[in-house]
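# Residue-level structure breakdown
Letter by letter, the chains look like this.
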Amino acid sequence: SALVGYLDMHAEESLVFTPDTIERCVGLARDHAKLMRNCVEDLDPWIRRADERVSLHSVQADLSKWGQTVFHGPARTIRVECHDRCQGHVSNRCLETSSIDRILFNLMNNAARFCSSPAIHLQVDSLGNRLSRWVVSNEVAAEHQEWLTAQYQDLSDLFLGGTTRDGHGIGMNNCARLVQFSFGLGDVKQVLQKHYVGARLEGSTFYAWFHWPLYHPKEGDPVCDCSQAEWLS
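The notes below deal with the structure included here.

Rules behind the numbers
- Residues numbered from 1 in each chain as written.
- Predicted model: local features only at pLDDT ≥ 70, side-chain atom pairs only at ≥ 80, totals over all residues.
- Heavy atoms only, no water.
- Helix = DSSP H or I, 4+ residues; strand = E, 2+ residues; numbered from the N terminus.
- Rg over C-alpha atoms; globule rule 2.2 N^0.38 Å.
- Buried < 20%, exposed > 50% of the residue type's maximum accessible area, 1.4 Å probe, protein only.
- Contact = heavy atoms within 4.5 Å.
- Areas by Shrake-Rupley, 256 points an atom, 1.4 Å probe, with all protein chains shown as cover.
- Core = buried A, V, L, I, M, F, W, Y, C linked by side-chain atoms within 4.5 Å.
- Salt bridge = Lys/Arg side-chain N within 4 Å of Asp/Glu carboxyl O.
- Pairing = 2+ DSSP bridges.
- Axes fitted to C-alpha atoms, helices over the stretch in contact; angles between N-to-C directions.
- Parallel < 35°, antiparallel > 145°, perpendicular 65-115°, else oblique.
- Left-handed = near helix turned anticlockwise from the far one by under 90°.
- Nonpolar A, V, L, I, M, F, W, Y, C, P; charged D, E, K, R; others polar.

## What about the overall build of the chain?
Assigned secondary structure in the chain consists of 8 helices and 8 strands. At 18 Å, the chain has a C-alpha radius of gyration in line with the 17 Å of a compact globule built from 233 residues. Its C-alpha atoms give the chain principal-axis dimensions of roughly 50 × 50 × 35 Å. With 233 residues in all, the chain has 43% of them scored as buried. When contacts within the chain are restricted to residue pairs at least 6 apart in sequence, long-range pairs at least 24 apart make up 69% of them. Of the roughly 12400 Å² of accessible surface on the chain, a fraction of 51% belongs to carbon and sulfur atoms.

If you want it as structure tokens, here you go:
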């Protein structure tokens, strides 16, 4: 959705492509390809093998691609604002990082659909030195607040899937399943019981979050260079 937003803005002449915006579009397209390789194992086996090699991914590297990302809708443009309170590495494989991206893209796209203000916020906190917490928050209109509170006593049950408003009802459940696998839990209900994923409404602000283990590098672990765009030079 963010990539399509950039292209729509360019087509409407409300955005002139610069090296920075082109790099963001390339990054979004690259991430989409990585997500597809994550989901479809034999889609591109040669590149998938590269995704499986040891390569460190820091929290900051993952956040850098979200800062100043825009979602362009028919009525307004929504920007992503990032708040970094975590130091460390989220994974040592591109393939694992793409699982985190699958969760973030899902939560971000949901936020962009229902956001009633010009900004979506992404905040990452470290909980000790073993765990990171990722929180996506956005303002929602009164109509959507009423729909959420009418459907759920506990908004974290959104992650169980099966209920949707103009969607498919499976996206947030997929997020919970990825978190389930990362912690080695038996099912999504355990994930909810341990609050590894969750959602709540405070006033007009909707919060959705997930946790992910931090990776402690070993000596000699290489840093991933998949975020580089040497071709721009």
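Anyway, onward from the coordinates.
## Let's talk about the nonpolar core
Core analysis: the biggest nonpolar cluster contains 55 residues, and Phe-71, Leu-107, Ile-120, Leu-122, Trp-134, Phe-159 and Phe-210 have the highest contact counts within it. It is helix 5 (residues 94-114) that contributes the most residues to this core, 8 residues altogether. Once you skip the residues sitting within four places of it in the chain, Trp-134 turns out to touch Val-59, Asp-62, Leu-63, Val-90, Leu-104, Leu-122, Gln-123, Val-124, Ala-208, Trp-209, Phe-210 and Trp-212.

## Let's talk about the pattern of salt bridges
For the structure shown, the criterion picks out 5 salt bridges. When the shortest N-O distance is used, the salt bridge between Glu-52 and Arg-48 registers 3.5 Å.

## Some words on the pairing of strand 5 (residues 115-127)
Note that strand 3 (residues 77-85) and strand 5 share 7 bridges and pair parallel. The partner of Glu-81 across the bridge, within strand 5, is His-121. As judged from the 9 bridges shared by strand 5 and strand 6 (residues 131-140), these two strands associate in the antiparallel manner. Across the sheet, the residue bridging to Leu-127 is Leu-131, located in strand 6. The antiparallel pairing of strand 5 with strand 6 creates a hairpin that spans 3 residues between the two strands, and Gly-128 there sits at a positive phi of about 70 degrees.

## Here we look at the packing of helix 5 against helix 7 (residues 171-183)
When two helices pack together, you describe them by how their axes are tilted relative to each other and by the distance separating the axes. Where helix 5 meets helix 7, the closest approach of the two axes is 9 Å, and the angle between their N-to-C directions is 150 degrees. As the angle between them shows, helix 5 and helix 7 are arranged roughly antiparallel. The crossing of helix 5 and helix 7 is left-handed. Residues Ser-99, Arg-102, Ile-103, Asn-106, Leu-107 and Asn-110 of helix 5 lie in contact with helix 7, whose contacting residues are Gly-171, Met-172, Cys-175, Leu-178 and Val-179. The class makeup of the residues in the contact of helix 5 with helix 7 is 6 nonpolar, 4 polar and 1 charged.

## Thoughts on the packing of helix 2 (residues 19-39) against helix 5
Closest axis-to-axis distance for the helix 2/helix 5 pair is 9 Å, and the angle between their directions is 105 degrees. By the angle between their axes, helix 2 is roughly perpendicular relative to helix 5. Across from Leu-28, Asp-31, Lys-34, Leu-35, Asn-38 and Cys-39 in helix 2, the residues of helix 5 making contact are Cys-94, Leu-95, Ser-98, Ser-99, Asp-101, Arg-102 and Phe-105. Class assignment of the residues belonging to the contact of helix 2 with helix 5 gives a composition of 6 nonpolar, 3 polar and 4 charged.

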